[in-house]
Amino acid sequence: GLNHLHLVAEYSLTADRRIDAILLGHSHESIPLAIIVELKQWSSLGDNYQNETTDVNVRLGQEYAYRLHPVLQTKRYEEELNLHHTSVIQGLITTDCIQYLHNFKQDKNIFFEDAYEDFASRKNRLFVNGEELQLVEYLNKQFIKEVDGTTAAQVFLSGQYTVGEIGFNGIKKILNHEANATMIYDQNNVSAGISKLIRSFLENPRNMGI
């Protein structure tokens with residue numbers, strides 16, 4: 001029941017970085033909407049023995065390796081479109097992002113507990129094996145069926161992805177300490193670390209060592 005949507009696959013941000021898929025249609029406000037979809041083949045996670053806040057310990061075959069949290073990965077993609085895609089910058093199309101881990105059979109709460117509590121607000125946007133109906137239901141709530149996604153696709157594809165003056169304006173916002181500036185990648189790690197310290201303090205206010 002989603003054939004009113006259009007799909008862009010492997011959308012290139014840079015020479016070696018691509019968005020797996022982008023679904024295009026119209027929101028319930030009849031505004032063109034692009035939903036970024038990150039697809040993962042992961043089947044399970046291991047213990048977060050390094051106490052990471054932005055990376056998860058993924059099982060890859062017989063090995064484990066830390067990889068960027070999928071929620072953070074898609075948020076970074078969305079931030080890049082907001083900074084560099086002309087149609088998004090001009091407000092011609094809005095964006096959102098979800099993650100679909102079709103092989104993942106563990107409890108998905110592992111992505112949102114303990115060190116990953118900062119991502120809990122986006123739990124309803126991450127879907128795992130067995131949640132296909134929930135995924136379809138979510139998409140039906142975001143897109144209206146009465147309007148075909150052709151216009152949204154044309155708006156998105158007619159825009160240009162550029163890192164020229166638009167990108168420099170984003171850097172200016174960061175240097176000027178503007179509240180709505182998009183954080184650069186290393187700052188995300190620092191921000192997550194600070195949030196962890198604050199949570200620890202709230203759990204034990206007498207811990208003045210923090």
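What this report covers is the structure whose coordinates are included nearby. (Residues numbered from 1 in each chain as written. Predicted model: local features only at pLDDT ≥ 70, side-chain atom pairs only at ≥ 80, totals over all residues. Heavy atoms only, no water.)

1. So, helix α3 (residues 132–142)
Consideration 1: The set of residues buried in α3 consists of L135, Y138 and L139. Along the axis of α3, the buried positions cluster into a sector of 95 degrees, meaning they face one direction only. Exposed and facing more than 90 degrees away from the buried side of α3 are L133 and K141.
Consideration 2: Its buried side turned inward, α3 meets β2 (17–26), β3 (32–40), β6 (94–101) and β7 (126–128). (Buried < 20%, exposed > 50% of the residue type's maximum accessible area, 1.4 Å probe, protein only. Helix = DSSP H or I, 4+ residues; strand = E, 2+ residues; numbered from the N terminus. Arc of directions from axis to C-beta. Contact = heavy atoms within 4.5 Å.)

2. Structural notes on the nonpolar core
Consideration 1: Grouped together as the largest cluster of nonpolar side chains are 18 residues, with contacts concentrated most on Y11, I19, I22, L24, L81 and F156.
Consideration 2: Looking at this core, the elements that each hand over two or more residues are β1 (6–14), β2, β3, α1 (70–84) and α4 (150–158).
Consideration 3: Contact partners of L81, with chain neighbours within four places excluded, come to Y11, L13, I19, I36, V88, I89, F156 and Y161.
Consideration 4: With 14 residues, the next largest nonpolar core counts W42, V56, L101 and Y116 among its residues. (Core = buried A, V, L, I, M, F, W, Y, C linked by side-chain atoms within 4.5 Å.)

3. Thoughts on the sheet that holds β7
Consideration 1: Strand order in the open sheet formed by five strands is β1-β2-β3-β6-β7, with mixed pairing between adjacent strands. With one partner strand each, in any of the chains shown, β1 and β7 form the two edges of the open sheet. Across this sheet, the average inter-strand angle for adjacent strands is 30 degrees, counted without regard to direction.
Consideration 2: As paired elements, β2 and β3 share six bridges and run antiparallel to each other. Note on β3: the bridge partner recorded for L24 is A34.
Consideration 3: Sheet contacts for α4: β1, β2 and β3; angle to β2, the most-contacted strand, approximately 140 degrees. (Pairing = 2+ DSSP bridges. Axes fitted to C-alpha atoms, helices over the stretch in contact; angles between N-to-C directions.)

4. Some words on the packing of aromatic side chains
Consideration 1: Under the criterion given, the structure shown has five aromatic pairs.
Consideration 2: Note on F104 and F111: the rings are 5.1 Å apart at their centroids and 50 degrees apart in plane angle, and the pair reads as tilted.
Consideration 3: Every member of this aromatic cluster is reached through a ring pair, and the members are F104, F111 and F112.
Consideration 4: Stacked on the ring of F127, the Lys or Arg K108 has its end atom at 5.6 Å from the ring centre. (Phe/Tyr/Trp six-rings, centres within 6.5 Å; stacked < 30°, edge-to-face > 60°. Lys NZ or Arg CZ within 6 Å of the ring centre and 35° of its normal.)

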